[in-house]
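What follows is each chain in one-letter form.
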Amino acid sequence: MDKIGRKYWRKYARILSAIGKFTEANEVVLENFCMAVSARNKMYGEITKNNQSMLQVKNNYGEQELAESEPAKMLRHWIDKVEKISYDMCLTQSRMGGTYKPKRKTDAMEELLD
């Protein structure tokens, strides 16, 4: 797993542990999810870095028409894959009962004042 995938692993493993859904079976799915997110981010980065258009002009028997470009199709594929896995793993806000936010770390002086 690359650097971006590991970043998402740490983020979502903590969330799944907090809501009690981090199991051995989910570990493999979480790894696939993190790799899919990483691939999606790389694909989007390539499209924006190279200023590629999301549309392309196709000639259809002498008539020109706009169609989705191949990089855009690949990006849409990865977006769909990430959304499906995140829904299956209950990582959407509607399935988690809201967004998990860890408590802010406080020092001794702040605790004394509260």
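Cut-off values and rules
Residues numbered from 1 in each chain as written. Predicted model: local features only at pLDDT ≥ 70, side-chain atom pairs only at ≥ 80, totals over all residues. Heavy atoms only, no water. Helix = DSSP H or I, 4+ residues; strand = E, 2+ residues; numbered from the N terminus. Buried < 20%, exposed > 50% of the residue type's maximum accessible area, 1.4 Å probe, protein only. Polar contact = N/O pair within 3.5 Å; in protein donor to acceptor, adjacent residues only side chain to side chain. Contact = heavy atoms within 4.5 Å. Expected span 1.5 Å × (residues − 1). Axes fitted to C-alpha atoms, helices over the stretch in contact; angles between N-to-C directions. Parallel < 35°, antiparallel > 145°, perpendicular 65-115°, else oblique. Left-handed = near helix turned anticlockwise from the far one by under 90°. Patch = residues over 30% accessible without salt bridge, like charges linked within 9 Å, V, L, I, M, F, W, Y side chains within 5 Å. Areas by Shrake-Rupley, 256 points an atom, 1.4 Å probe, with all protein chains shown as cover. Salt bridge = Lys/Arg side-chain N within 4 Å of Asp/Glu carboxyl O. Lys, Arg positive; Asp, Glu negative; His and termini not counted. Charge placed at Lys NZ, Arg CZ, Asp CG, Glu CD. Arc of directions from axis to C-beta. Phe/Tyr/Trp six-rings, centres within 6.5 Å; stacked < 30°, edge-to-face > 60°. Core = buried A, V, L, I, M, F, W, Y, C linked by side-chain atoms within 4.5 Å.

Undergrad: How do you make sense of the side chain of serine 38 when you look at a structure like this?
TA: Note that serine 38 resides in helix H2 (residues 24-49). Look at serine 38 and you get buried, because its relative accessible area is 3%. For serine 38, the side chain forms a polar contact with the side chain of aspartate 2, separated by 2.6 Å. Apart from the residues within four sequence positions on either side, serine 38 is in contact with Asp2, Ile4 and Gly5.

Undergrad: Any chance you could explain H2 here in plain terms?
TA: Structural remark: α-helix, 3.6 residues per turn; residues separated by three or four positions point the same way. Here H2 contains 26 residues, and its C-alpha end-to-end distance of 38 Å stays within 8% of the 38 Å for a straight helix at 1.5 Å per residue. Every buried residue of H2 is listed here: Leu30, Phe33, Cys34, Ala36, Val37, Ser38, Met43 and Ile47. Here the buried face of H2 lies against helix H1 (3-18) and helix H3 (70-88). A positive phi of about 50° marks asparagine 51, the residue just after H2.

Undergrad: So what exactly am I meant to see when it comes to the packing of H2 against H3 here?
TA: Packed helix pairs are characterised by how far apart their axes lie and by the angle those axes make with each other. For the pair H2 and H3, the least separation of the axes is 9 Å and the interaxial angle reads 150°. Judged by the angle between their axes, H2 and H3 are roughly antiparallel. In this structure, H2 crosses over H3, and the sense of that crossing is left-handed. Touching Val29, Asn32, Phe33, Ala36, Val37, Ala39, Arg40, Met43, Tyr44 and Ile47 of H2 are Pro71, Ala72, Met74, Leu75, Trp78, Ile79, Lys81, Val82, Ile85 and Ser86, all from H3.

Undergrad: Sorry, what's going on with a positive patch on the surface here?
TA: On the surface, Lys3, Arg6, Arg10 and Arg14 cluster together into a patch of positive charge. Turning to its location among the elements, arginine 10 is positioned in helix H1.

Undergrad: Explain H3 here, please?
TA: Helix length check: H3, at 19 residues, gives a terminal C-alpha distance of 27 Å against a target of 27 Å (1.5 Å per residue), a fit within 8%. Every buried residue of H3 is listed here: Ala72, Leu75, Val82, Ile85 and Ser86. An end-on view of H3 places all buried positions within 160° of arc, on one side of the element. Looking at the buried residues of H3, the elements they touch are H2 and strand S2 (63-68). Cysteine 90 sits one or two residues past H3 and shows a positive phi near 65°.

Undergrad: Looking at this structure, how should I read the packing of aromatic side chains?
TA: Aromatic ring pairs: the centre-centre distance and the angle between the two ring planes describe each pair. A full pass over the atoms with the stated rule returns three aromatic pairs. Arranged with centres 6.2 Å apart and planes meeting at 10°, the rings of tyrosine 8 and tyrosine 12 form a pair that is stacked. On the criterion of helical spacing, the pair formed by tyrosine 8 and tyrosine 12 is a turn pair, its members being four residues apart in helix H1. Overall, the relative accessible area of 16% leaves tyrosine 8 in the buried class. Ring centres 5.3 Å apart and planes at 80° place the aromatic pair tyrosine 12 and phenylalanine 33 in the edge-to-face group.

Undergrad: Would you explain the nonpolar core in this entry?
TA: Here is a general trend for soluble globular proteins: nonpolar side chains tend to be buried in one another's company. Membership of the largest hydrophobic core comes to 14 residues, with the highest contact counts inside it found for Tyr12, Leu30, Phe33, Met89 and Leu91. Mapped onto this core, the elements with two or more residues apiece are H1, H2 and H3.

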